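Chain and residue survey
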Amino acid sequence: MITVWNEFRHERNDDKIKKIYPNGIHNVISEFLKKENIHVTTAVLDDEDHGLSDEILKNTDVLIWWGHIAHDEVDDAIVEKVYDRVLQGMGLIVLHSAHYSKIFKRLMGTSCDLKWRDDGEQERIWVIDPTHPIAQGLGEGFDIKQEEMYGEHFDIPIPDELIFISWFQGGEVFRSGCTYRRGKGKIFYFRPGHEAFPTFYQKEVQQIILNAVKWACPNE
Ligand code: ZN
């Protein structure tokens, strides 16, 4: 089972963002995964135990995580449970502003800080490892018309694999697709997905998340 976790605050509190994601980012992601006959469930911050009960975590093969303004509200005890599940083999896909989530920082052991500018610039994502399963079906790369800029230096450990690099209109570049192994678990960080743009409706972005779900599934 795949669990899509979302903080789900912007989409409820901001009319502009509500228009883009009326049912939340988590539902857009779960809808396109369901079309691929993948068993998906969703969980949000304001659910009991953030929707991540022991039972749900035990049955989750890959957890997808989006968060931004409420990282601090995620319970440390739940973060530890997610951390343990990753070490046991659960895959984790960390999207966009979840670079600052407690779980990603816990797994990386660095600040995970970066440069950013929210001007709706064009982003060009280059595939730099065409052999990687997460890059399948993308060719040389693709553009996202408008995104928030993230720039280096991104304070992460050197990735096990670097699959994508982004270029932005303002000239910055960024390591946009990074993989890590922690214990038996596979982790993929993917940069795009600012809440104010319809990024999660774009077919290439959906393709990457789908590829990453397949790649991050536990081996056993
Ligand atoms: Zn953002």
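Located above this text is the structure these notes cover.
Below or above, wherever it landed, is the structure these notes cover. Residue numbering note: each chain is counted from 1, following its sequence as written. Note on the predicted model: pLDDT of at least 70 is required for a residue's local features to be given, and 80 or more for side-chain atom pairs to be given and counted; whole-chain, interface and lining totals, by contrast, use all residues. Note that water and hydrogens are dropped before the side-chain values are worked out from all heavy atoms of the structure.

Side note on the packing of aromatic side chains
Put simply, two rings from Phe, Tyr or Trp (the six-membered ring, in Trp's case) pair if the centres are within 6.5 Å, and we call them stacked under 30 degrees between planes, edge-to-face over 60, tilted for the rest. Considering all chains together, one arrives at nine aromatic pairs under this definition. Considering the side-chain rings of Y21 and Y201, the 5.4 Å spacing of their centres and the 10° angle between planes classify their relative orientation as stacked. Placement of the pair is Y21 in the loop between α2 (15-20) and α3 (25-34) and Y201 in the loop between β9 (185-190) and α7 (203-216), with a sequence separation of 180 residues. The cut-offs for exposure are 20% and 50% of the maximum accessible area for each residue type, with area from a 1.4 Å probe on protein chains only; residues under the lower value are buried, those over the upper are exposed, and the others partly exposed. Its relative accessible area of 0% is what places Y21 among the buried residues. Look at Y201 and you get partly exposed, because its relative accessible area is 41%. Put simply, the rings of F104, Y150, F154, F174 and Y189 touch in pairs and so form one group of aromatic residues. A cation over a ring is seen here: R106 above Y83, with NZ or CZ 3.8 Å from the ring centre. Every helix listed is a DSSP run of H or I at least four residues long, and every strand listed is a run of E at least two residues long, numbered separately from the N terminus. A ring has a charge above it when a Lys NZ or an Arg CZ is no more than 6 Å from the ring centre and no more than 35 degrees off the ring normal.

What to know about the coordination of the zinc ion
Put simply, the ideal angle at a metal is 109.5 degrees for four donors in tetrahedral geometry and 90 or 180 degrees for six donors in octahedral geometry. For the zinc ion, every protein donor is listed as H96 (NE2), E148 (OE) and H194 (ND1), and the spread of their distances is 2.0 to 2.1 Å. Read N to C, the donor residues that coordinate the zinc ion are spaced as H-x51-E-x45-H. Of the two residues, H96 sits in the loop between β4 (91-95) and α6 (102-108) while E148 sits in strand β6 (residues 141-151), which places them 52 residues apart along the sequence. With respect to class, H96 is no different from E148; both count as buried. Atoms of type N, O and S within 2.8 Å of a metal are treated as its donors, and for Na, K and Ca the window is 3.2 Å; water is not considered, so some sites may appear to be missing partners.

Re the pattern of salt bridges
By salt bridge we mean one thing: a side-chain nitrogen of Lys or Arg within 4 Å of a carboxyl oxygen of Asp or Glu. Scanning all chains against the criterion turns up 17 salt bridges. When the shortest N-O distance is used, the salt bridge between E123 and R191 registers 2.6 Å. Here R191 lies in the loop between β9 and α7 and E123 lies in strand β5 (residues 115-127), a separation of 68 residues in the sequence. Taking the relative accessible area as the measure of exposure, R191 reaches 0% and is therefore buried. A salt bridge links R175 to E152; the shortest N-O distance between them is 2.9 Å. Linking R175 in strand β8 (residues 173-182) with E152 in the loop between β6 and β7 (161-168), this pair joins segments that are 23 residues apart in sequence. One network of salt bridges, in which partners are shared, links R9, R12, D46 and E73.

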